[in-house]
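Geometric and topological summary
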Amino acid sequence: MSTKWPIKLFSGLDQIVRTDEPLSRHTWLGLGGPATYFIEPRGVAELSQVVLRCRENEVPVCVLGDGANLLVDDAGVKGAVVHLEQGEFARVELAGTGIRAAAGADMGKLVLRCVREGLSGLEGLTGIPGSVGGCVRMNAGGAFGDIGNSIESVQVMNDAGEVFTRHREDLAFAYRSTNITSKFILGAEFGLEEDDPQRILSQVKQIWIYKKNTQPLGKRNAGCIFKNPRGLSAGALIDRAGLKGRRIGAAYVSDKHANFILADDGAMAADFLKLINVIREEVYKKSEVYLELEIEVW
């Protein structure tokens, strides 16, 4: 562990802080080295304390949700990784005809909760991996709609530990991006419509079947690796470059959907990074298009 920070940096918060925690335990890919500090606050008050101590001691901070669209370097993270999943950060509650979900709530479970409650609007997120906070941050979605379409407000915290709410009229959602610059997304409220649960469930099933037939679900992956260039499909460009099945080490391009890189046992983050560079180079040679990452790399 690094010694440049005070030994008692998180004194009084010992229950929520671990040192040298392997991040491979917390990502869908099962890859990544250790975090100097791995912190799981149970509520806003604890998070605020953590934020202030990191700020005062110049400790870099990364925010971890469900670890779905994330590749962590084999060297790990020198600094603090704040995991928002415990206590208050897992809450989901009805809010009129909408629903309020904290950052750590699982997106898949939230979709199914909406089905049970007869609330329509989030079914397009079926099969999208990750937590609510991560999905809001990147405006997650796909052919069936983006999460930003249903958001009424987002609660955030700045690097001074202050909490405030961003309302719909102040929010802008674009392809895999938002205008939310605060490091910590605490939760969101979704405006939904009442509908027949069976009708919503039928749509969820149709979307799930479509994704099961077109994506390598059930295999170790981080979702789509690259953003779709305007008017184009990243997967189609990779396929056109003849890269389906291309392998480096234990990482390889899916034969089912070329915008997915899968991990076999023994894979390293270095394998993924090398393969990402090969894909970018080959696609540029073939189509003169530079692919931009959709996943986050630490």
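Nothing here was measured: the structure is a model prediction, and the numbers come from that model.

1. Thoughts on the sheet that holds strand 11 (residues 151-157)
- Sheet architecture is open: five strands sit in the order 6-7-15-11-12, paired in antiparallel fashion. For this open sheet the edge positions go to strand 6 (92-95) and strand 12 (163-167), each flanked by a neighbour on one side alone. Pairs of neighbouring strands in the sheet enclose a mean axial angle of 20 degrees, with direction left out of account.
- Looking at chain direction, strand 11 and strand 12 are connected through five bridges and run antiparallel. Note that in strand 12 the partner of valine 156 across the bridge is phenylalanine 164.

2. Focus: the nonpolar core
- Of all hydrophobic cores here, the largest spans 29 residues; its most connected members are Met107, Val136, Val154 and Phe190.
- When residues of this core are assigned to their parent elements, the largest contribution, five residues, is made by helix 2 (residues 107-117).
- Not counting residues up to four positions away in its chain, the partners in contact with valine 154 are Val136, Phe164, Thr165, Arg166, Leu171, Ile180, Ile185, Gly187 and Ala188.
- Counting 27 residues, the second-largest nonpolar core is a separate cluster that includes Leu71, Ala222, Leu237 and Val253.

3. As for helix 2
- Those residues of helix 2 that sit buried are Met107, Leu110, Val111, Cys114 and Val115. Seen along its axis, helix 2 keeps its buried residues to an arc of 145 degrees; they face one direction. Facing away from the buried surface of helix 2 by more than 90 degrees, the exposed residues are Lys109 and Arg116.
- Buried residues along helix 2 sit against strand 6, strand 7 (98-102), strand 8 (119-120), helix 3 (132-137), strand 15 (184-190) and helix 4 (197-214).
- At the N-terminal boundary of helix 2, the capping side chain belongs to aspartate 106, with an oxygen 3.0 Å from the backbone nitrogen of glycine 108.
- Directly beyond the C-terminal end of helix 2, a positive phi value near 70 degrees is found at glycine 118.

4. Observations regarding the packing of aromatic side chains
- For the structure on display, the rule yields three aromatic pairs.
- Summarising the aromatic geometry, the rings of phenylalanine 10 and tyrosine 37 are spaced 5.0 Å apart at their centres and angled 75 degrees between planes, so their arrangement reads as edge-to-face. Taken together, the residues phenylalanine 10 in the segment before strand 1 (17-22) and tyrosine 37 in strand 2 (residues 34-39) connect sequence positions 27 residues apart. No difference in accessibility class separates phenylalanine 10 from tyrosine 37, as the two residues are buried.
- Grouped by ring-pair contacts, the aromatic residues Trp5, Phe10 and Tyr37 constitute a single cluster.

5. Description of a nonpolar patch on the surface
- A contiguous nonpolar patch, built from Trp208, Ile209 and Leu217 and spanning about 280 Å² of accessible area, is present on the exposed surface.
- Mapped onto the secondary structure, isoleucine 209 falls in helix 4.

6. Focus on the pairing of strand 6
- Where strand 6 meets strand 7, four bridges bridge the pair, whose relative direction is antiparallel. Pairing of leucine 94 across the sheet is with isoleucine 99, part of strand 7.
- The loop that links strand 6 with its antiparallel partner strand 7 comprises two residues; one of these, glycine 96, has a positive phi angle of about 65 degrees.

7. Overview of the pattern of salt bridges
- This model, assessed by the stated rule, comprises 17 salt bridges.
- Close ionic contact of glutamate 117 with arginine 113 constitutes a salt bridge, the shortest N to O distance being 3.1 Å. With glutamate 117 and arginine 113 both in helix 2 and four residues apart, this pair spans about one turn of that helix.
- A salt bridge links arginine 199 to glutamate 123; the nearest nitrogen and oxygen atoms lie 3.8 Å apart. Highlighted residues: arginine 199 in helix 4 and glutamate 123 in the loop between strand 8 and helix 3, separated in sequence by 76 residues.
- Ionic contacts of the salt-bridge type, sharing partners, join the residues Arg18, Glu21, Arg25 and Glu40 into one network.

8. Some details on unusual backbone geometry
- The backbone of aspartate 20 shows a phi angle near 55 degrees, a positive value even though the residue is not glycine.
- Examined against the element boundaries, aspartate 20 turns out to sit in strand 1.
- A positive phi angle is found at arginine 176, which is not glycine, with a value near 55 degrees.
- Following the sequence through the fold, arginine 176 ends up in the loop between strand 13 (173-174) and strand 14 (177-178).
- Taking the relative accessible area as the measure of exposure, arginine 176 reaches 9% and is therefore buried.

9. As for helix 6 (residues 269-287)
- Along its 19 residues, helix 6 runs 27 Å from first to last C-alpha, staying within 8% of the 27 Å computed at 1.5 Å per residue.
- Of all the residues in helix 6, the buried ones are Ala269, Asp271, Phe272, Leu275, Ile276, Val278, Ile279, Arg280, Val283 and Ser287.
- The secondary structure elements touched by the buried residues of helix 6 are strand 4 (70-71), helix 5 (234-240), strand 17 (247-248), strand 18 (251-253) and strand 19 (261-263).
- Positive backbone phi, approximately 55 degrees, marks glutamate 288, located one or two places after helix 6.

Conventions and cut-offs
- Residues numbered from 1 in each chain as written.
- Predicted model: local features only at pLDDT ≥ 70, side-chain atom pairs only at ≥ 80, totals over all residues.
- Heavy atoms only, no water.
- Pairing = 2+ DSSP bridges.
- Helix = DSSP H or I, 4+ residues; strand = E, 2+ residues; numbered from the N terminus.
- Axes fitted to C-alpha atoms, helices over the stretch in contact; angles between N-to-C directions.
- Core = buried A, V, L, I, M, F, W, Y, C linked by side-chain atoms within 4.5 Å.
- Buried < 20%, exposed > 50% of the residue type's maximum accessible area, 1.4 Å probe, protein only.
- Contact = heavy atoms within 4.5 Å.
- Arc of directions from axis to C-beta.
- Polar contact = N/O pair within 3.5 Å; in protein donor to acceptor, adjacent residues only side chain to side chain.
- Phe/Tyr/Trp six-rings, centres within 6.5 Å; stacked < 30°, edge-to-face > 60°.
- Patch = residues over 30% accessible without salt bridge, like charges linked within 9 Å, V, L, I, M, F, W, Y side chains within 5 Å.
- Areas by Shrake-Rupley, 256 points an atom, 1.4 Å probe, with all protein chains shown as cover.
- Salt bridge = Lys/Arg side-chain N within 4 Å of Asp/Glu carboxyl O.
- Expected span 1.5 Å × (residues − 1).

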